[in-house]
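What the coordinates show
Okay, here's what each chain looks like letter by letter:
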Amino acid sequence: MRARHKGFLDRGIGMELKWLEDFLSLAETHNFSASAKERNVTQSAFSRRIRSLEVWLGTTLLDRSTYPIRMTPDGRAFREAAEEIVRLTYKSRAALRQDNSDGPTIAVTALHSLALTFLPRWLSQVQTQLGPVSSRVLPENYALCLEALVDGGYDFMMTYHHPSVPVPLDALRFPFKVIGEDRLTAVAAPQALSGWQSPLPLLQYSRGSFLGLLSGLAQNQPGAPATRTAHINENSLAEALKFMALEGHGLAWLPRQLVAAELSEGRLVCVAPELPMEIRLYRNGERSRAVVEKAWRHANYSVSE
């Protein structure tokens, strides 16, 4: 097995830490379905990641012809190395973060829109209640926020929620609190709106994105105008669609907090019934530090401005 390790770094394929954690989970459960559930991914995605690890290593780690599955001799030999790599990686990360921190720190991953609107006020409330607390924030799309929380690099995830869109998280490992509310609002520039004919031009999120799913729900509500696709933002950034709407390129479904000032100033107008959304704070239950526990206890519902 050791001889076969030589040259692995020259294969040109980047190995990911989560592949090792997937493998170690499978070494415990001997069951793809159980490990996929434990790792909060679909079974097909989990299987692809295990296969990617085998390709990177250049060997077969599992005997898939048996049930429950068994590790091959190479798999048994590699397990000890994988455990040590994972242990040392997290130990080094913890040491580096401690060295680089001037005091208690919470790590939050949040949707881009919330990082611009709700998150700054929430952090102010945390500091008011707990005293000086540093923060590390990762603004990202929904899928990457989930990954950041599940992979253990962040204490909290801040996201919108609507009951029609299921959340792929284990409720026991990743509990949540409702800490606020917002509404998905169809907005358009009034000077452009007056010149449009039905169906109205729609500024869309990428297909399958989280806000894209929510805007689809909103668009199908009674009272929503007929639309045609005029523009698609592949990054699904609500902020980008906001500026497209301000320039008169079409209507966009945006979180109301993101366009509150423009609505108040009359630069944008609401053109359809709004879709209510919760603002949720999820936590990684496996990350427990004094500052995290205090922030969680004080994470209460806040009326959005």
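Criteria and thresholds
Residues numbered from 1 in each chain as written. Predicted model: local features only at pLDDT ≥ 70, side-chain atom pairs only at ≥ 80, totals over all residues. Heavy atoms only, no water. Buried < 20%, exposed > 50% of the residue type's maximum accessible area, 1.4 Å probe, protein only. Helix = DSSP H or I, 4+ residues; strand = E, 2+ residues; numbered from the N terminus. Pairing = 2+ DSSP bridges. Salt bridge = Lys/Arg side-chain N within 4 Å of Asp/Glu carboxyl O. Core = buried A, V, L, I, M, F, W, Y, C linked by side-chain atoms within 4.5 Å. Contact = heavy atoms within 4.5 Å. Phe/Tyr/Trp six-rings, centres within 6.5 Å; stacked < 30°, edge-to-face > 60°. Polar contact = N/O pair within 3.5 Å; in protein donor to acceptor, adjacent residues only side chain to side chain. Patch = residues over 30% accessible without salt bridge, like charges linked within 9 Å, V, L, I, M, F, W, Y side chains within 5 Å. Areas by Shrake-Rupley, 256 points an atom, 1.4 Å probe, with all protein chains shown as cover. pLDDT = per-residue confidence, 0-100. Arc of directions from axis to C-beta.

Here we take up the pairing of strand S3 (residues 105-111). Counting buried residues along S3, six of its seven residues qualify, which places the element largely inside the surrounding structure. Pairing between S3 and strand S4 (residues 134-140): seven bridges, direction parallel. Opposite Val 108, over in S4, you have Val 137 as the bridge partner. Of the pairings in the sheet, the one linking S3 to strand S5 (residues 156-161) comprises three bridges and is parallel in character. Considered in S5, the bridge of Val 108 is made with Phe 156.

Counted according to the given criterion, the structure contains 20 salt bridges. With a closest N to O distance of 2.9 Å, Arg 280 and Glu 278 form a salt bridge. Note on Arg 280: relative accessible area 11%, which makes it buried. According to the relative accessible area criterion, Glu 278 is partly exposed, its value standing at 30%. A single network of salt bridges, built from pairs that share partners, joins Glu 21, Asp 22, Arg 39 and Arg 49.

What follows concerns the nonpolar core. Grouped together as the largest cluster of nonpolar side chains are 63 residues, with contacts concentrated most on Ile 106, Trp 122, Phe 156, Met 158, Tyr 160 and Leu 214. Discounting chain neighbours no more than four positions away, the residues touching Tyr 160 are Leu 111, Ser 113, Leu 114, Asp 182, Phe 210, Leu 211, Leu 214, Pro 255, Met 277, Glu 278 and Ile 279. Residues Phe 23, Leu 24, Phe 78 and Val 86 belong to the second largest nonpolar core, which totals 20 residues.

Mapping Pro 273 onto the fold places it in the loop between strand S10 (269-270) and strand S11 (275-283). Considering only alpha carbons, one finds Pro 273 and Thr 185, 88 residues apart in sequence, at a separation of 7.3 Å. Those residues in contact with Pro 273 that lie beyond four places of it in its chain are Gln 221, Pro 222, Gly 223, Ala 224 and Trp 253.

This brings us to the packing of aromatic side chains. Taken as a whole and judged by the stated rule, the model has six aromatic pairs. Ring plane angle 75° and centroid distance 6.1 Å describe the contact between Trp 122 and Phe 156, whose orientation is recorded as edge-to-face. Pair noted here: Trp 122 is in helix H7 (residues 118-130) and Phe 156 is in strand S5, with a separation of 34 residues, a long-range link. Each member of the pair, Trp 122 as well as Phe 156, is classed as buried.

Our next topic: the pairing of S11. The buried fraction of S11 is high, at seven of nine residues. Alignment of S5 against S11, held across six bridges, turns out to be antiparallel. Among the inter-strand pairings, Tyr 160 is bridged to a residue of S11, identified as Ile 279.

This part takes up unusual backbone geometry. Omega for the peptide link from Tyr 67 to Pro 68 comes to 0°, which places this bond in the cis form. The omega torsion of the bond from Ser 198 to Pro 199 falls at 0°, within 30 degrees of zero and hence cis. You can see Pro 199 is positioned in the loop between helix H9 (190-193) and strand S7 (200-205). Despite not being glycine, His 30 has its phi angle at roughly 60°, a positive value. Mapping His 30 onto the fold places it in the loop between helix H2 (17-29) and helix H3 (32-38). Note on His 30: relative accessible area 29%, which makes it partly exposed.

Turning our eyes to something else, we now look at the side chain of Arg 287. Looking at where Arg 287 falls in the secondary structure, it is placed in the loop between S11 and helix H13 (290-297). Residue class for Arg 287 comes out buried when judged on its relative accessible area of 15%. At 2.7 Å, the side chain of Arg 287 forms a polar contact with the side chain of Asp 155.

For the rest of this paragraph, the subject is a nonpolar patch on the surface. Judged by side-chain polarity, Phe 176, Val 178 and Tyr 301 come together as a nonpolar surface patch covering roughly 250 Å² of accessible area. Among the secondary structure elements, Phe 176 is positioned in strand S6 (residues 176-188).

Now for the confidence of the model for the protein chain. Overall, the prediction assigns the protein chain a mean pLDDT of 89, with 91% of residues at 70 or greater. Every residue in residues 1-12 is under pLDDT 50, and counting partners more than four places away or in other chains gives 15 contacts.

Before going further, it helps to spend a moment on the side chain of Thr 117. Within the secondary structure, Thr 117 is located in the loop between helix H6 (112-116) and H7. Only 2.8 Å separates the side chain of Thr 117 from the backbone oxygen of Ser 113, close enough to count as a polar contact. Leaving out residues up to four positions away in the same chain, Thr 117 has contacts with Gln 257 and Leu 258.

Taken together, the buried positions of helix H11 (residues 238-246) are Ala 238, Glu 239, Leu 241, Lys 242, Ala 245 and Leu 246. Each buried residue of H11 lies within a common arc of 160° when the element is viewed along its axis, so the set occupies one face.

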